[in-house]
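Residue-level listing of the chains:
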Amino acid sequence: MKESSDHTTRVQQYFVQHAASVKYFVLSLLPNPAGAEDVVQEVFLTVTAKANDFEEGTNFKAWVFAIARFKVLEHLRQAKREPYRLSEETMELLADEAAGESDTDDLEKEQHLAAALSRCLNKLAPKSRLLIERVYRDGLKPGTVAEEIGWKPNAAYVTLSRARATLRSCIAKQPNTESA
Amino acid sequence: MSAESNDTEDLLDRYLDGTIEPEELTLLDHELKEQPALRQELRSRIRLHGLLSDHYRQEDGDAGLTAMAPFLPLPPPTKSRRLPALALAAAAVIALGLYLFPRQGSPRDNEMAAVQRVANASWETGEVVEIGEVVSLEKRNLVEGFLEMEMANGIHIAIESPAVFQFLSEDRLRLDRGHLSAQVPEGAEGFTVVTSAGEVIDLGTRFGVSVEGDAVEAHVFEGEIKVNSKGTESILLEKEEAISLGKKKRYHSDAESFPMPSYPLPVALQDGDFEIGPVPEAGIPGKVGHWGGDSASFVGSTSGITPVSGTRMLQFHATRDHLSEPETGQQASELWQLVDLSAFSDEVNRGGVVADLQAAFNRAAQSPDTDTKFGIGITAFRGSIPDAAEYWDRKREPLSERLSQAGNEILTDADPSTWESAECRFTVPRGTDFLMIQVFAFEDVRNEEENEFSGHFADAIHLALQTEARPSRPRAEWEGGAGSWNNPKNWKAGRNPDGARDEIFLQGQECLVDHRIELKQNLTIAPHNDSIGILRISREGALEKSGTGQLIVGYNEGAIAELIIEGRLLTAGPVFIGRNNRRSEVHVNQGSWVSREGIIRMAQYGNRGPDTASTLRVSNGGSLTAESMELVHDLATIQIESGGTIDTERLRVGGSEGAALVAIQSGVLRVRQLEFGSGGTMQLLSADAVLELAGDWNSESLRKVPDSRWEWSSDPTFESIQVDGETWTRIRLPR
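Predicted model only: the values in this text are computed from it and were never measured. (Residues numbered from 1 in each chain as written. Chains lettered and ligands numbered in written order. Predicted model: local features only at pLDDT ≥ 70, side-chain atom pairs only at ≥ 80, totals over all residues. Heavy atoms only, no water.)

**Student:** Looking at this model, I keep getting lost on the state of the cysteines. Mind explaining?
**Tutor:** By definition, a disulfide is the covalent link that joins the sulfur atoms of two cysteine residues. Residue and element names in this part refer to chain A. Overall, the coordinates contain 1 disulfide over all chains when judged by the stated rule. Each sulfur in the disulfide pair Cys120 and Cys170 lies 2.0 Å from the other. Its torsion about the S-S bond being -85°, the disulfide of Cys120 and Cys170 is classed as left-handed. Here the residue Cys120 occupies a position in helix α6 (residues 106–121), and Cys170 occupies one in helix α9 (residues 153–173), the gap between them amounting to 50 residues. Residues Cys120 and Cys170 agree in their burial class; the two are buried. (Disulfide = S-S within 2.5 Å. Helix = DSSP H or I, 4+ residues; strand = E, 2+ residues; numbered from the N terminus. Buried < 20%, exposed > 50% of the residue type's maximum accessible area, 1.4 Å probe, protein only.)

What follows is the structure, given as structure tokens:
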């Protein structure tokens, strides 16, 4: 019994270590952040419940991504969003590639990326920044924001795409953020 | 970059934003399968996507999400919060244990606020708004009524129909239409109301925003706000200022035209923890800000009892002012403190202010003889603070200055290590000028000890006052020139009042009603200090107050008010002729006044300076039909002249003092139930004066009416008459 709970704790520790990878993998299948967050939590509960199924020495990410794929499918089914999902084949490719990434600790890298993002957000033009805020902070669709600030929807999409591109290239130039 | 790759990248972004169509997704999915580079690109974009949503989620400080934070060991955005990765992981795992249990709903349920108070409110869907109902992120259309919501961060929002609004996040609300006010507590600053014309940002305050078509206004009731109108610079707006977004001119904020959430009044007890002193003075204090009462002292830890707050506490000694005085037979050792509410007369007189009083008590274990009972009390008084002791002594007399009182008592245990607390909730009555807070130890176990209380303590006395949420009271104000009610130029807003919604204030020169007007809300003639107001209902005119709103003829210090009825007046709510003011006169001259479902009360608060008088004159064939009339205080007079008639179910003449007078010169006073307070007088002044009373009366039985005083020049005659099968008595002087 004791051994088993030690094992469970260890599996949980692996999960925490790779939580960022899990989150990004889930997001790639389910880009809605709120939904993805729910799914990640579900994944954690399943990982805990089925910790004994994980064999030490095997690829943890591959194991956890399989659970994650299942949970994403379940979520989309419940939310009646199945027409909006990638094919199983594509999901598998994404999972394989993400699982194959260097197995270093995610946490520190994440810290550097987040700090870089904060710096880069400050460099955005005010309108781009507003758009990013309305979409990511307030959870609005770009079209809704466009309506709100009197833009054509297309202008909002273009501005948002550019803002993202700017942020990506800015983050890449920041220290300790070699891209994945 | 080729057009094709551009299109694919566009699809990627639409996939992220959730705006992609199923057919497009099939296309994207195909491309992803074929191109490893595109999958790489997707992962790169997803990474930024995830970083961005985490970034704002952490900034939000959302409680549900904060709870998630340890779960996803995401790096905090600021350096100061950085932890070494391993420690973070360990902390996360510990926190994770909590998540092994099923969650109570998802932290992403998008619950923004809960409805706290409603008045006839319903959504566009036809659903009635209920207390406790959760308001989430979706757009809401309030088609009827008023509601108050409370957010998790303590922000209170009052809103009323017609209104269209939507919470965008925990600190942003979009208002498309309607009036709302927000009370933002400390720590939740930055709450923003988004409108089509710009944003209104709270800087720790109470403020209102209204949207009517393109017109957007921001009003500050307390504190400061920042207004970001589109295309202009930010403007800082202070208390009592208002602005139309996009315009420069500031004007006076108007709290009445907005619904208002409940908010705390900045009132507190002085030294409720007994830390500062001085030692309480004997008796009820004659001023605010310190304790007074029976023998007591402020002490540190003693008898194994430690103060519950600070380093000192109150020790009760005796039921007398000084221990050297003889035993008085009083049952409690009492301490008082007065709290001035005169600065909050607007809130208090509106009604619904709630006071919460708390206190902690403790006592030494000692013997079975030890007294165990403690108590707290709140009493509301009108009048002046230096006279508080006098008011207290006569608090049980009818019509005394004491308006109401509440209290609570507790029995304490014999364990000195625990404090017991007493709480008391009290609705502050309208008209309250000050509160008296009382803390006492009862002598519930009689004994002969020299020290009546040998180890009885109180500490941490806290008082908090809060207003009640309320709908707006849109008002129409008479601007001052003489003229017809019907001329919009005579009204401050430049439009005629909305009889159903607007509360009416009249001051300045005569306002003439020369046609039929219907009103539902309050009508106040001479509303402000030292104002003059005159309302004349001409022969052609009729004023019908169908709602339960009040008619107030004269309100506040020094106001002089006049109401002349030559046509018709119908009132359905209470009528006050003279309320806190100097002179009020109502003259029913040829016209008629019917008052139903409401009392007519004259001289509500008595003598308010020189020339104070409240007069009701019915003359020249004029008539008044009423249900209940009271001449409350001194200097209230009813005169019936040249053929006037008053017909009322009940009439009370006189209050506690002064010279309330009913004088019939010529005309009829018909009363079913006649009462007198002390100081009331009834006069029959000529052979044309008639008094009709229900029942059988004679000279002797009239004089037996308690407190009555009768004045007539010769002995009246008594004639029994039948009115609708009832016996009445007609009383008049012989010719």
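So much for the structure itself; the text now carries on.
**Student:** Hey, could you run me through the sheet that holds strand β14 (residues 292–293) of chain B in this one?
**Tutor:** One key point about sheets: their strands pair by backbone hydrogen bonds, in either a parallel or an antiparallel sense. Residue and element names in this part refer to chain B. Reading across from one edge, β13-β14-β17-β22-β19-β20 is the order of the 6 strands in this open sheet, with mixed pairing throughout. Two strands close off the open sheet at either side, each with one partner strand: β13 (281–282) and β20 (402–411). Relative to β20, strand β19 (residues 373–381) runs antiparallel, the two sharing 9 bridges. Among the inter-strand pairings, Lys373 is bridged to a residue of β20, identified as Leu411. (Pairing = 2+ DSSP bridges.)

**Student:** How should helix α3 (residues 33–49) of chain A be read in this particular structure?
**Tutor:** Since the α-helix packs 3.6 residues into each turn, any two residues three or four apart lie on the same face. Residue and element names in this part refer to chain A. Here α3 is 17 residues long and its end C-alpha atoms lie 24 Å apart, about the 24 Å a rise of 1.5 Å per residue gives. The buried fraction of α3 is high, at 13 of 17 residues. Looking at where α3 begins, the residue whose side-chain oxygen comes 3.1 Å from the main-chain nitrogen of Ala34 is Asn32. (Expected span 1.5 Å × (residues − 1). Polar contact = N/O pair within 3.5 Å; in protein donor to acceptor, adjacent residues only side chain to side chain.)

**Student:** Sorry, what's going on with the packing of helix α7 (residues 126–137) of chain A against helix α8 (residues 142–149) of chain A here?
**Tutor:** For any two helices packed against each other, one specifies the crossing angle of their axes together with the interaxial distance. All names here are of chain A. Two elements in contact, α7 and α8, have axes whose closest approach is 9 Å; the angle formed by their N-to-C orientations is 125°. When the interaxial angle is binned, α7 and α8 end up oblique. Once α7 is placed against α8, the crossing between them reads as right-handed. Contacts between α7 and α8 pair Leu130, Leu131, Arg134 and Val135 from the former with Pro142, Val145, Glu148 and Ile149 from the latter. (Axes fitted to C-alpha atoms, helices over the stretch in contact; angles between N-to-C directions. Parallel < 35°, antiparallel > 145°, perpendicular 65-115°, else oblique. Left-handed = near helix turned anticlockwise from the far one by under 90°. Contact = heavy atoms within 4.5 Å.)

**Student:** Mind showing me how you'd approach the pairing of strand β43 (residues 660–664) of chain B here?
**Tutor:** Note on strand geometry: in a regular strand, side chains alternate between the two faces of the sheet. All names here are of chain B. Here β43 lies mainly inside the structure; 4 of its 5 residues are buried. In the sheet, strand β41 (residues 636–640) pairs with β43 via 4 bridges, with the strands oriented parallel. Directly across from Ile638, in β43, lies its bridge partner Val662. Bridge count between β43 and strand β45 (residues 680–684): 5 bridges; the pairing is parallel. The residue bridging Leu661 from the neighbouring strand is Thr681, located in β45.

**Student:** I keep staring at the sheet that holds strand β33 (residues 560–565) of chain B and nothing clicks. Help me out?
**Tutor:** All names here are of chain B. Across the sheet, 10 strands lie side by side as β25-β27-β30-β33-β36-β39-β41-β43-β45-β47; this open sheet has parallel pairing. At either margin of the open sheet sits one strand with a lone partner, and together these are β25 (483–484) and β47 (710–712). Relative to strand β27 (residues 511–513), β25 runs parallel, the two being bridged by 2 bridges. Bridge pairing links Gly483 to Cys511 in β27.

**Student:** Looking at this structure, I do not really get the packing of aromatic side chains. What am I missing?
**Tutor:** When we look at a pair of aromatic rings, we describe it by the centre distance and by the angle of the planes. Enumeration according to the criterion identifies 23 aromatic pairs over all chains in this entry. Arranged with centres 5.5 Å apart and planes meeting at 55°, the rings of A:Tyr14 and A:Phe60 form a pair that is tilted. Linking A:Tyr14 in helix α1 (residues 2–17) with A:Phe60 in helix α4 (residues 60–78), this pair joins segments that are 46 residues apart in sequence. Arranged with centres 6.2 Å apart and planes meeting at 45°, the rings of B:Trp123 and B:Phe165 form a pair that is tilted. Residue B:Trp123 is found in strand β1 (residues 113–123), and its partner B:Phe165 is found in strand β4 (residues 156–169); the two are separated by 42 residues along the sequence. Owing to a relative accessible area of 4%, B:Trp123 belongs among the buried residues under this scheme. Overall, the relative accessible area of 0% leaves B:Phe165 in the buried class. Ring pairs connect the aromatic residues A:Tyr14, A:Phe54, A:Phe60 and A:Trp63, which therefore count as one cluster. Between the NZ or CZ atom of B:Arg579 and the centre of the ring of B:Phe576, over which it lies, the distance is 4.0 Å. (Phe/Tyr/Trp six-rings, centres within 6.5 Å; stacked < 30°, edge-to-face > 60°. Lys NZ or Arg CZ within 6 Å of the ring centre and 35° of its normal.)

**Student:** In this structure, what is going on with the packing of α7(A) against α9(A)? I would like to understand it.
**Tutor:** Residues and elements named next belong to chain A. Orientation of α7 relative to α9, taken along the N-to-C sense of each, is 95°, at an axis distance of 9 Å. Classified by the interaxial angle, the pair formed by α7 and α9 is roughly perpendicular. Across the interface between the two elements, Ser128, Leu131, Ile132, Val135 and Tyr136 from α7 touch Ala156, Thr159, Leu160, Ala163, Arg164 and Leu167 from α9. Taken together, the residues of the contact of α7 with α9 sort by class into 8 nonpolar, 2 polar and 1 charged. (Nonpolar A, V, L, I, M, F, W, Y, C, P; charged D, E, K, R; others polar.)

**Student:** I tried to follow α8(A) on my own but got confused; where do I start?
**Tutor:** All names here are of chain A. For α8, the set of buried residues is Pro142, Val145, Ala146 and Glu148. Looking down the long axis of α8, one finds its buried residues gathered within 165° of arc, a one-sided arrangement. At the exit of α8 stands Gly150, carrying a positive phi of roughly 75°. (Arc of directions from axis to C-beta.)

**Student:** Help me understand unusual backbone geometry in this model?
**Tutor:** For residues other than glycine, phi is negative in most cases, and the peptide bonds are mostly trans. All names here are of chain B. In this structure, the amide linkage connecting Ser161 to the following residue, Pro162, adopts the cis form with an omega of -10°. Within the secondary structure, Pro162 sits in strand β4. Within the chain, Asp271 stands out as a residue other than glycine whose phi angle is a positive 55°. Position of Asp271 relative to the elements: it lies in the loop between β12 (264–265) and β13. Relative accessible area serves as the criterion here: at 11%, Asp271 is assigned to the buried category. We note that Phe274 has phi near 55°; this positive angle belongs to a residue other than glycine. Turning to its location among the elements, Phe274 is positioned in the loop between β12 and β13.

**Student:** Mind showing me how you'd approach the pairing of strand β26 (residues 503–506) of chain B here?
**Tutor:** All names here are of chain B. Residues Glu503 and Phe505 point to one face of β26 and Ile504 and Leu506 to the other, with burial holding for every one of them. Strand direction decides the pairing type here: β26 and strand β29 (residues 523–525), joined by 3 bridges, are parallel. Across the sheet, Phe505 pairs through a bridge with Thr524, a residue of β29.

**Student:** Help me understand the side chain of B:Arg579 in this model?
**Tutor:** Residues and elements named next belong to chain B. Inspection of the secondary structure puts Arg579 in strand β35 (residues 575–579). For the buried residue Arg579, which engages in no salt bridge, the nearest side chain bearing the opposite charge is Glu503, 9.3 Å off. Setting aside anything within four residues of it in sequence, one finds Arg579 in contact with Gln550, Ile552, Gly554, Tyr555, Asn556, Gln604 and Tyr605. (Lys, Arg positive; Asp, Glu negative; His and termini not counted. Salt bridge = Lys/Arg side-chain N within 4 Å of Asp/Glu carboxyl O.)

**Student:** In this structure, what is going on with the nonpolar core? I would like to understand it.
**Tutor:** The nonpolar side chains of a soluble globular protein tend to be buried with one another. The biggest cluster of nonpolar side chains holds 70 residues, and the ones touching the most others in it are A:Phe15, A:Val43, A:Ile132, A:Leu167, B:Leu28 and B:Leu52. In terms of residue count, the dominant contributor to this core is α4(A) (9 residues). Residues B:Ala476, B:Ala561, B:Val618 and B:Leu691 belong to the second largest nonpolar core, which totals 61 residues. (Core = buried A, V, L, I, M, F, W, Y, C linked by side-chain atoms within 4.5 Å.)

**Student:** Is there a simple way to explain the pattern of salt bridges in this structure?
**Tutor:** It is possible for side chains of opposite charge to pair when their charged atoms get near one another. Residue and element names in this part refer to chain B. All chains considered together, the criterion is met by 61 salt bridges over all chains. For Glu726, the salt bridge is made with Arg672, and the minimal N-O distance between the two is 2.7 Å. Taken together, the positions of Glu726 in strand β49 (residues 726–732) and Arg672 in strand β44 (residues 667–676) put the pair 54 residues apart, joining distant regions of the chain. Judged by its relative accessible area of 34%, Arg672 falls in the partly exposed class. Between Glu692 and Arg730 there is a salt bridge whose closest N-O contact spans 2.8 Å. On the criterion of sequence distance, the pair formed by Glu692 in strand β46 (residues 689–694) and Arg730 in strand β49 is long-range, its members being 38 residues apart. Classification of Glu692 as buried rests on a relative accessible area of 5%.

Honestly, it's all geometry; don't read function into it.
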